[in-house]
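Results of the structural survey
Next come the chains, spelled out residue by residue.
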Amino acid sequence: MLTPSRHSNAIPVSGRSHWNQALLCVAGLVLLAGLLGCTTRGTGSKSTPTLGFVLVIHGGSGVPDRGTLTPEHDAELRAALNLALQAGERILRTNGTSSAAVVAAITVLEDSPLFNAGRGAVLNRDGVVEMDAALMEGAGRRAGAVAGIHTARNPIEAARAVMEHTPHVLLVGSGADAFVAEQKLRVEPPNYFITEPRRREWEQWRREKGLRSDAGPEGLHNRSRNRLGTVGAVALDRHGNLAAGTSTGGLGGKRPGRVGDSPLIGAGTYADNDTCAVSATGHGEFFIRAMVAHDIAALMAYRGLSLESAAELVVRRKLVDFGGEGGVIAVDRKGNVAMPYNGDGMHRGMVRENGERSTAIYEK
Ligand code: ASP
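Our subject in this report is the structure included herewith. (Residues numbered from 1 in each chain as written. Predicted model: local features only at pLDDT ≥ 70, side-chain atom pairs only at ≥ 80, totals over all residues. Heavy atoms only, no water.)

Some words on the overall build of the protein chain
- Tallying secondary structure elements over the protein chain gives eleven helices and 14 strands in all.
- When each of the 364 residues of the protein chain is scored for burial, the buried share is 52%.
- Partitioning the contacts of the protein chain with sequence separation of at least 6, the portion at a separation of at least 24 is 69%. (Helix = DSSP H or I, 4+ residues; strand = E, 2+ residues; numbered from the N terminus. Buried < 20%, exposed > 50% of the residue type's maximum accessible area, 1.4 Å probe, protein only. Contact = heavy atoms within 4.5 Å.)

Quick look at the structure:
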């Protein structure tokens with residue numbers, strides 16, 4: 001209960017009761033404003049009434065070459081995307097938060113061996129899985145991230161734990177692995193993460209590397225099929241709050257210790273209730289140098305661009321001029337969605353409160 005300040009002793013008894021009434025009145029107004037959804041949140045801006053929740057997910061911009069995707073694999077990929085959408089949707093439909101929905105959707109994709117995150121992550125130059133993830137909330141711009149981790153079954157959970165249980169934003173390598181153990185998050189042995197197709201892909205790359213002197217780790221990086229499957233999610237919840245998350249094994253054949261854009265706030269992941277939530281996928285080095293996710297938010301904030309124009313400008317103009325291949329998924333505080341990419345396609349899907357739902361890999 002609020003009490004008058006230390007000067008309260010100077011207030012006569014009758015004045016004190018007026019004081020209490022005034023306080024009750026103010027408290028009542030604050031409560032009413034809260035119920036009407038007019039309270040100010042984290043970033044100091046007013047929340048906007050929305051048409052309901054939206055969840056958008058991606059499963060990476062490295063799509064199979066056109067014509068090589070079998071109907072069975074297509075169905076398998078879409079089924080996994082739909083499972084992830086359902087996991088996030090359940091949370092949003094029961095008034096859960098956008099960050100809980102983002103974590104739930106990404107967890108499903110990390111558990112699926114089809115994507116380059118969690119189980120099924122690509123191997124680095126030395127045949128080891130090193131994973132990166134980030135989570136950011138638009139309210140208050142809270143964020144947590146991990147990079148170069150080896151044991152967490154769900155790196156996105158580790159990113160959330162950094163956000164919730166430390167004063168830091170990014171933990172890396174052995175320190176992050178130790179934090180995962182300390183937090184008692186679910187851990188797995190190295191073999192859990194390495195699937196047979198990923199091992200074969202790595203072995204083939206090693207053979208090619210032996211045959212071609214110019215095929216360093218970059219030889220694997222540059223082929224977009226080897227980037228298949230970074231995962232991400234962005235959401236707007238019924239409370240008007242945005243969130244974004246991204247999780248990846250990075251680039252196949254990468255140098256040990258290499259970190260891409262995914263866990264870097266502002267590069268591969270960003271959320272701000274005043275503008276939008278963004279999760280990126282593509283050749284991370286370009287996304288870092290172009291500050292892709294924050295650039296989209298900044299174009300909205302400083303130049304007043306719509307989400308669609310801002311995302312298009314960054315992905316289809318700036319990144320293309322730069323030579324960076326990939327895409328983003330993004331949602332703004334009104335529930336507008338953008339999913340531009342500048343390569344052949346991007347595994348993606350979305351669901352809205354009104355039941356609208358879709359998945360796509362190329363144009364569709
Ligand atoms: N952006 C990720 C990285 O560079 C890879 C990807 O999205 O495919 O680590």
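Things to note about the environment of Gly-324
- For Gly-324, the location among the structural elements is in the loop between helix H11 (307-322) and strand E11 (326-332).
- Each C-alpha atom, one on Gly-324 and one on Asn-342, is 8.6 Å from the other, the two residues being 18 residues apart in sequence.
- In this structure Gly-324 touches Phe-286, Leu-319 and Asn-342, once residues within four positions along its chain are discounted.

Focus: the environment of Met-346
- Following the sequence through the fold, Met-346 ends up in the loop between strand E12 (337-338) and strand E13 (348-352).
- Through-space distance from the C-alpha of Met-346 to that of Ile-329 is 9.6 Å; in sequence the pair is 17 residues apart.

Description of the packing of aromatic side chains
- Under the defined criterion, the tally for this structure stands at two aromatic pairs.
- Ring geometry for Tyr-192 versus Phe-193: centroids 5.0 Å apart, planes at 85 degrees, classification edge-to-face.
- Residue Tyr-192 is classed as buried on the basis of its relative accessible area, which comes to 14%.
- The exposure class assigned to Phe-193 is buried, which follows from its relative accessible area of 1%.
- For the pair Phe-286 and Phe-322, a centre-to-centre distance of 6.2 Å together with 75 degrees between the ring planes defines the contact as edge-to-face. Within this pair, whereas Phe-286 is found in helix H9 (residues 284-289), its partner Phe-322 is found in helix H11, the two being separated by 36 residues in sequence.
- For Phe-286, a relative accessible area of 17% corresponds to the buried category.
- Judged by relative accessible area, Phe-322 falls into the partly exposed class, the value being 35%. (Phe/Tyr/Trp six-rings, centres within 6.5 Å; stacked < 30°, edge-to-face > 60°.)

Structural notes on the sheet that holds E11
- Taken in spatial order, the four strands make up an open sheet running E9-E10-E11-E12, and their pairing is antiparallel. If you trace the sheet from one side to the other, it starts and ends with strand E9 (269-271) and E12, each paired once.
- Examined bridge by bridge, E9 and strand E10 (residues 276-282) share three bridges and lie antiparallel to one another. Looking at the pairing, Ala-271 lines up with Ala-277 of E10.
- Across the sheet, helix H10 (residues 292-303) lies against E9, E10 and E11, angled at about 145 degrees from E10, the strand it touches most. (Pairing = 2+ DSSP bridges. Axes fitted to C-alpha atoms, helices over the stretch in contact; angles between N-to-C directions.)

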